[in-house]
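# Structural characterization, general
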Amino acid sequence: MKKGKTLRTLMVILLSAVASPVFAQTLDDGIKDLYYEKYQTAKSDLQKVIAATPNNDAAYYYLGLADQALGDNDAARADFAKGLRVNPNSALNIVGTGRMDIVNGQYDSAKIQFQQAMNVSEDRDFDVGRAILEASATSPKADNMYALDQMKSIKDNKKNRKKDYSAADYDAMGDAYLATPNGGGNAANQYLNAINADSKYAEAYNKLGLLYQSAHVDSLALPNWQTAISSDPNYVPAYYNLFWYYRFRNLDQAQQYLDKYTALTDDKVDAQAYQVDILFSKKEYQQAIDKANQIMPSLNKQTQTRLYKLMAVSENAMGDSLDAQKNMDTYFQRQDPSKLSIPFDYITYSEILSKLKEDSLANLYVQKAVNSDTSSDLGYLRSLADQLRKEENFQGAALYYKKIITMAGPQASIYDYFWYGLSDMYAGKLDSAIAVFQTMAQKYPEAKDQQVAYYYLAISQAQEDTGYTGTAVPAYTKYISLISPTDSSKTGQLTKAYFYIATVDMKKGDNDGASTYADKLIGIDPHNALAQNIYANLAINAVHENKRDLAETYVRKLLAIDPNNETATKIQGYYKSLDEYNQRHAKPTQKSSGG
């Protein structure tokens, strides 16, 4: 009996010795899959670990991370609870419980859980400290400085003094700093420390790239993502970021990175959604809509929500404003307000509403976009305003240029004023455009700067002056005084100025003034059609006023421009007929009689 028990005990020991490395490696595989953001694979691997070793409390913790990453907080909460049932003193699952408290906005409760985990692990477990950092970093409202202090206390523990932080530890500290106010610099330093600890640690390069991207320094973001994949060709997230970067710059390169991302990610169905982005970027809008509808049923809710917006933007580009509004409404209903792409979403919706003639609501959403944009980066704001202008969303562009000028103060450039005024002008806000160009003319007194301001001031005023009362004459006159009349590059501008002033003079009955500016038009172009129009009207007016000599003067000018001018020919015919009539009906001259 004793011998049988000994054999069974030995068998258990032998099996454990064989099984443990296999299952430990599987657990490591699950953890590595989390690192690569292959969450479905991680979940599958960790479930296998639990099936083989049901008392493996660490596996439950990492399974909870996978479930949360997949968007299932209820499953994650249950995973952590199961881990605690297996081992009530499982420090990692106690942290997991605190992680769920953060999801629920219970930040004080989360700290209590974290402190309990530190106590259970005797303030010496780096894995626990890293878990607290990662949990706290999920929200800027969590006490991330507390989490950083706990990691420091673990390092200062007398039993850890000879140990160094790992790359993963530095990475987690970087995430925690990033969640604190103005913590970007400290976060970058920690990511660099991670790279110094392990030059192949791709996640740190990837996060540095994201940090630089958020600061709109793409020149530094790009090389970090490229280094991430060169240091670890299997690092999935960097391929995604490179795809997204090139999507707006080089579609061929974007497609190459998307293909690599699709090959490595474990969510092949969700990856298909990015093919919709490629089709949209190629302006193959109908194909993008068809593809989105095809894959929609098999996508997770978050990706479905994003595609509703992409469909709306595509439909808007195709002129289908009603369906665009419908899908944008669905997007707003489903999207977590904290995840809205502000200000893009508001600007997009305002464009759709404008096309549906819902102007007041459209204006409201444009204003929402500007108000919600908290960026203080003038370069970024200018690029956004420029993009809106290029997309002919002049109302949105004008609001951003106004914001830029307000923020920049004395540092605002002439171009900020110019594009602000021009955007207002094209948006039909002529009063605002006039005020902007007047300010621009006063603020930049040099002739080369003023000429631009006065020209567009005149253009804006002339658009308001549909009756040609002369409102724009002073601005046009000032513009003319600032340039050389022989400057061939100003031909188009001078043509508009001369024609407007001539028309105003003609309306006032100042024939000499109108004729003078018509002559200037001929000086620019001997066959100028606008000059012909002015001379023709002046000639007709002269006929009506019985000023034959003046009418014939204008006729000669018309014929000099165009020998076949119809108005001149008709007036000549009229006077010829009049002369013939007068000749036929003239009283005969009586001869005096001789005596």
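Residues numbered from 1 in each chain as written. Predicted model: local features only at pLDDT ≥ 70, side-chain atom pairs only at ≥ 80, totals over all residues. Heavy atoms only, no water.

### Some remarks on the overall build of the protein
Per the secondary structure count, the protein includes 31 helices and zero strands. Its C-alpha radius of gyration of 38 Å places the protein more than 25% over the 25 Å reference for a compact globule of 595 residues. Counting only C-alpha atoms, the protein reaches 185 × 50 × 40 Å along its principal axes. Among the 595 residues that make up the protein, the fraction classed as buried is 47%. When the accessible surface of the protein is split by element, carbon and sulfur atoms take 51% of a total near 30,700 Å². A distance of 2 Å separates the average location of the 64 positive side-chain charges in the protein from that of its 70 negative side-chain charges. (Helix = DSSP H or I, 4+ residues; strand = E, 2+ residues; numbered from the N terminus. Rg over C-alpha atoms; globule rule 2.2 N^0.38 Å. Buried < 20%, exposed > 50% of the residue type's maximum accessible area, 1.4 Å probe, protein only. Areas by Shrake-Rupley, 256 points an atom, 1.4 Å probe, with all protein chains shown as cover. Lys, Arg positive; Asp, Glu negative; His and termini not counted. Charge placed at Lys NZ, Arg CZ, Asp CG, Glu CD.)

### Some thoughts on the nonpolar core
Soluble globular proteins tend to bury their nonpolar side chains together. In this structure, Leu 307, Phe 332, Met 440, Tyr 476 and Ile 534 are the most contacted members of the largest nonpolar core, which totals 101 residues. Among the elements that take part in this core, helix H27 (residues 491–508) stands out by supplying nine residues, more than any other. For Ile 534, the residues in contact, after removing those within four places along its chain, are Phe 499, Ala 502, Met 506, Ala 514, Ala 518 and Leu 521. Leu 34, Ala 110, Ile 132 and Ile 229 belong to the second largest nonpolar core, which has 78 residues in total. (Core = buried A, V, L, I, M, F, W, Y, C linked by side-chain atoms within 4.5 Å. Contact = heavy atoms within 4.5 Å.)

### Describing helix H10 (residues 184–197)
Along an α-helix, a turn takes 3.6 residues, which lines up residues three or four apart on a common side. Look at H10: 20 Å from first C-alpha to last across 14 residues, which is about the 20 Å you get at 1.5 Å a residue. The set of residues buried in H10 consists of Ala 187, Ala 188, Gln 190, Tyr 191, Ala 194 and Ile 195. All buried residues of H10 fall inside an arc of 165 degrees around its axis, so they share one side. Along its buried surface, H10 packs onto helix H9 (167–178) and helix H11 (202–214). (Expected span 1.5 Å × (residues − 1). Arc of directions from axis to C-beta.)

### Side note on the packing of helix H22 (residues 394–408) against helix H23 (residues 414–426)
The geometry of H22 relative to H23 is characterised by a closest axis approach of 8 Å and an angle of 150 degrees between their N-to-C directions. The orientation of H22 with respect to H23, classified from their angle, is roughly antiparallel. The chirality of how H22 crosses H23 is left-handed. Touching Phe 394, Ala 397, Ala 398, Tyr 401, Lys 402, Ile 404 and Ile 405 of H22 are Asp 416, Tyr 417, Trp 419, Tyr 420, Ser 423, Asp 424 and Tyr 426, all from H23. Per-class residue counts for the contact of H22 with H23 are 10 nonpolar, one polar and three charged. (Axes fitted to C-alpha atoms, helices over the stretch in contact; angles between N-to-C directions. Parallel < 35°, antiparallel > 145°, perpendicular 65-115°, else oblique. Left-handed = near helix turned anticlockwise from the far one by under 90°. Nonpolar A, V, L, I, M, F, W, Y, C, P; charged D, E, K, R; others polar.)

### With respect to a positive patch on the surface
Positive charge collects at one region of the surface, where Arg 124, Lys 158, Lys 159, Arg 161 and Lys 163 lie side by side. Within the secondary structure, Lys 159 is located in the loop between helix H8 (144–156) and H9. (Patch = residues over 30% accessible without salt bridge, like charges linked within 9 Å, V, L, I, M, F, W, Y side chains within 5 Å. Salt bridge = Lys/Arg side-chain N within 4 Å of Asp/Glu carboxyl O.)

### A few points about the environment of Asp 424
Mapped onto the fold, Asp 424 is located in helix H23. Sequence-wise, Asp 424 and Leu 384 are 40 residues apart; in three dimensions their C-alpha atoms are separated by 16 Å. Setting aside anything within four residues of it in sequence, one finds Asp 424 in contact with Ala 398, Lys 429, Leu 430, Ser 432, Ala 433 and Val 436.

### Looking at the confidence of the model for the protein
Averaged over every residue, the pLDDT of the protein is 88; residues scoring 70 or more account for 94%. Here residues 1–25 scores under 50 on pLDDT; set against residues more than four positions off or in separate chains, the count is four contacts. (pLDDT = per-residue confidence, 0-100.)

### Quick notes on the pattern of salt bridges
Counted according to the given criterion, the structure contains 24 salt bridges. Close ionic contact of Lys 557 with Asp 519 constitutes a salt bridge, the shortest N to O distance being 3.2 Å. A residue pair is termed long-range when its members are at least 10 positions apart, and Lys 557 in helix H30 (residues 548–561) and Asp 519 in helix H28 (residues 511–524) qualify at 38 residues. Bridged by salt links that share partners, the residues Asp 171, Asp 175, Glu 203 and Lys 207 form one connected network.

### A look at helix H15 (residues 268–281)
Its 14 residues place the ends of H15 21 Å apart at the C-alpha level, agreeing with the 20 Å of an ideal helix rising 1.5 Å per residue. For H15, the set of buried residues is Asp 270, Ala 271, Ala 273, Tyr 274, Val 276, Asp 277, Ile 278, Leu 279 and Phe 280. Turning to H15, the residues buried within the fold contact helix H13 (236–247), helix H14 (251–264), helix H16 (285–295) and helix H17 (301–317). Immediately downstream of H15, the backbone of Lys 283 shows phi near 65 degrees, a positive value.

### Some words on the packing of aromatic side chains
Considering all chains together, one arrives at 39 aromatic pairs under this definition. Ring centres of Tyr 468 and Tyr 500 lie 5.6 Å apart, and the angle between their planes is 40 degrees; this geometry places the pair in the tilted category. With Tyr 468 in the loop between helix H25 (447–464) and helix H26 (473–482) and Tyr 500 in helix H27, this pair connects stretches of sequence that are 32 residues apart. In this structure Tyr 468 comes out as partly exposed when scored by relative accessible area, which is 27%. With relative accessibility at 4%, the residue Tyr 500 sits in the buried group. (Phe/Tyr/Trp six-rings, centres within 6.5 Å; stacked < 30°, edge-to-face > 60°.)

### Looking at the environment of Asp 267
Take Asp 267: it is sitting in the loop between H14 and H15. As a C-alpha pair, Asp 267 and Lys 38 span 229 residues in sequence and 7.6 Å in three-dimensional space. From its side chain, Asp 267 meets the backbone nitrogen of Asp 270 in a polar contact 3.1 Å long. (Polar contact = N/O pair within 3.5 Å; in protein donor to acceptor, adjacent residues only side chain to side chain.)

### Remarks on unusual backbone geometry
Apart from glycine, the bulk of residues carry a negative phi angle, and the bulk of peptide bonds sit in the trans form. Its identity is not glycine, yet Asn 182 carries a phi of approximately 55 degrees, on the positive side. Inspection of the secondary structure puts Asn 182 in the loop between H9 and H10.

### Some words on the packing of helix H6 (residues 107–120) against helix H7 (residues 126–136)
At their nearest, the axes of H6 and H7 sit 10 Å apart, and the two run at 170 degrees to each other. Comparing their axes, H7 and H6 come out roughly antiparallel. Across the interface between the two elements, Phe 114, Ala 117 and Met 118 of H6 pack against Val 128, Ile 132, Ala 135 and Ser 136 of H7. Partitioning the contact of H6 with H7 into residue classes produces six nonpolar, one polar and no charged.

### Describing the side chain of Ser 139
Its place among the elements puts Ser 139 in the loop between H7 and H8. Taking the relative accessible area as the measure of exposure, Ser 139 reaches 9% and is therefore buried. Only 3.0 Å separates the side chain of Ser 139 from the backbone nitrogen of Lys 141, close enough to count as a polar contact. Apart from the residues lying within four places of it in its own chain, the contact partners of Ser 139 are Ile 102, Tyr 107, Asn 144 and Ala 179.

### Points about the environment of Ala 435
Along the polypeptide, Ala 435 turns up in helix H24 (residues 430–443). Its relative accessible area of 38% is what places Ala 435 among the partly exposed residues.

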